[in-house]
Amino acid sequence: MKRHNLVTVAVVATSLLAVPAVYAAPSTISSPVHAMFSKTKVSSVKFNLRNDTGTPMEVLAGDKSMTLEPGKLVALDLPVGTKIVANSATPNHAVGSVIEQVTKDHAGATITIH
């Protein structure tokens, strides 16, 4: 009977030590499942654009054309990755040159065009 109790205690002790080891093992395995099931969001960024060139300037913000008057702020809300392109020539920007590409860091900022 003493051997039976000794074996039972050994089995119980082993199982108590094995349970935490089972839970700890998956923490070192990377699981890229979230890459397959995550939703891709197009986040937009709100910021201001100001023309400091001294003359009115035409720009394309994505597909939208707009005129920037000198010294005036224009509030924009554009998706991340949108390019702001010069649509008229200025001393510092040729037609078609990329002025800025929207990033999440532009949130709340004022971008000045010189």
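Every chain is numbered independently, its residues counted from 1 as its sequence is written. Totals for whole chains, interfaces and linings use every residue, but because this is a predicted model, local features are given only for residues with pLDDT of at least 70 and side-chain atom pairs only at 80 or more, for both listing and counting. Derived side-chain values reflect all non-hydrogen atoms in the structure, with water molecules and hydrogen atoms excluded from consideration.

> Which residues make up the overall build of the protein chain, and what values do they have?
Counting from the N terminus, the helices are DSSP H or I runs at least four residues long and the strands are E runs at least two residues long. Summing up its helical and strand segments, the protein chain has 2 helices and 7 strands in all. Starting at the N terminus, the α and β elements of the protein chain follow one another as α-α-β-β-β-β-β-β-β. Residue burial is assigned from relative accessible area. The probe radius is 1.4 Å, only protein chains are included, and a residue is buried under 20% of its type maximum, exposed over 50%, and partly exposed in between. The proportion of buried residues among the 114 residues of the protein chain is 20%. Whether two residues are in contact is decided by their heavy atoms: any pair within 4.5 Å suffices. Here the analysis covers contacts within the protein chain between residues at least 6 apart in sequence; of these, 50% occur between residues at least 24 apart. With residues, only the protein chains shown are counted as cover, and all accessible areas are computed by Shrake-Rupley using a 1.4 Å probe. Element-wise, carbon and sulfur atoms account for 62% of the exposed surface of the protein chain, whose accessible area totals about 8400 Å².

> Help me get a handle on the sheet that holds strand β2 (residues 57-61), residues and values and all.
Spatially, 4 strands are ordered β3-β2-β5-β6 in an open sheet, and the strand pairing comes out antiparallel. Either end of the sheet is taken by a strand with one partner, and the two such strands are β3 (64-68) and β6 (98-101). Along the sheet, successive strands turn relative to each other by an average axial angle of 25 degrees, direction set aside. The pairing criterion is simple: DSSP has to find at least two bridges between the two strands. Relative to β6, strand β5 (residues 83-86) runs antiparallel, the two being bridged by 3 bridges. Across the sheet, the residue bridging to I84 is E100, located in β6. Note on geometry: axes are lines fitted to C-alpha atoms, helical ones only across the stretch in contact, with angles between N-to-C directions running from 0 to 180 degrees.

> How would you summarise the pattern of salt bridges if you had to cite specific residues and measurements?
Here, a salt bridge means any side-chain nitrogen of Lys or Arg that lies within 4 Å of a carboxyl oxygen of Asp or Glu. Under the definition given, this model contains 1 salt bridge. For R50, the salt bridge identified is with D52, shortest N-O distance 3.4 Å. Here R50 falls in the partly exposed class, since its relative accessible area comes to 27%.

> So what's going on with the nonpolar core? Residues and values would help.
The biggest cluster of nonpolar side chains holds 16 residues, and the ones touching the most others in it are F47, L49, V59, L76, L78, I84 and I99. If you list the elements that add at least two residues to this core, you get β1 (44-51), β2, β3, β4 (73-79), β5 and β7 (110-113). If near-sequence neighbours (up to four positions away) are discounted, F47 is found in contact with V74, A75, L76, L78, I84, V102, H106, G108, A109 and I111. In this description, a nonpolar core means a group of buried Ala, Val, Leu, Ile, Met, Phe, Trp, Tyr and Cys residues linked to one another through side-chain atoms lying within 4.5 Å.

> Any chance you could break down the sheet that holds β1 for me, citing the residues and the numbers?
Read across the open sheet, the 3 strands follow the order β4-β1-β7; overall the sheet is mixed. Only two strands of the sheet have a single neighbouring strand rather than two, namely β4 and β7. In this sheet, neighbouring strand axes are inclined to one another by 35 degrees on average, regardless of whether the strands run parallel or antiparallel. As defined by bridge partners, β1 adjoins β7 across 4 bridges and the pair is classed as parallel. Residue L49 lies in a different strand from β7, and its bridge partner there is I111.

> Got a sec to walk through the side chain of N51? Specific residues and values, please.
By secondary structure assignment, the location of N51 is in strand β1. Owing to a relative accessible area of 0%, N51 belongs among the buried residues under this scheme. N or O atoms closer than or at 3.5 Å make up a polar contact, with two conditions inside protein: a donor-capable atom paired with an acceptor-capable one, and, for residues adjacent in sequence, both atoms drawn from side chains. Within polar-contact distance, the side chain of N51 engages the backbone oxygen of T55 at 2.8 Å. Setting aside anything within four residues of it in sequence, one finds N51 in contact with P56, M57, L68, E69, P70, G71, K72 and I113.

> Residues and numbers for the side chain of H106, please.
If you trace the backbone, H106 turns up in the loop between β6 and β7. Assessed through its relative accessible area of 12%, H106 is described here as buried. A distance of 3.1 Å separates a polar atom in the side chain of H106 from a polar atom in the side chain of E100. Each residue touching H106, except ones within four places of it in the same chain, is listed here: V45, K46, F47, E100, Q101 and I111.

Function-wise, these values are silent; they only describe arrangement.
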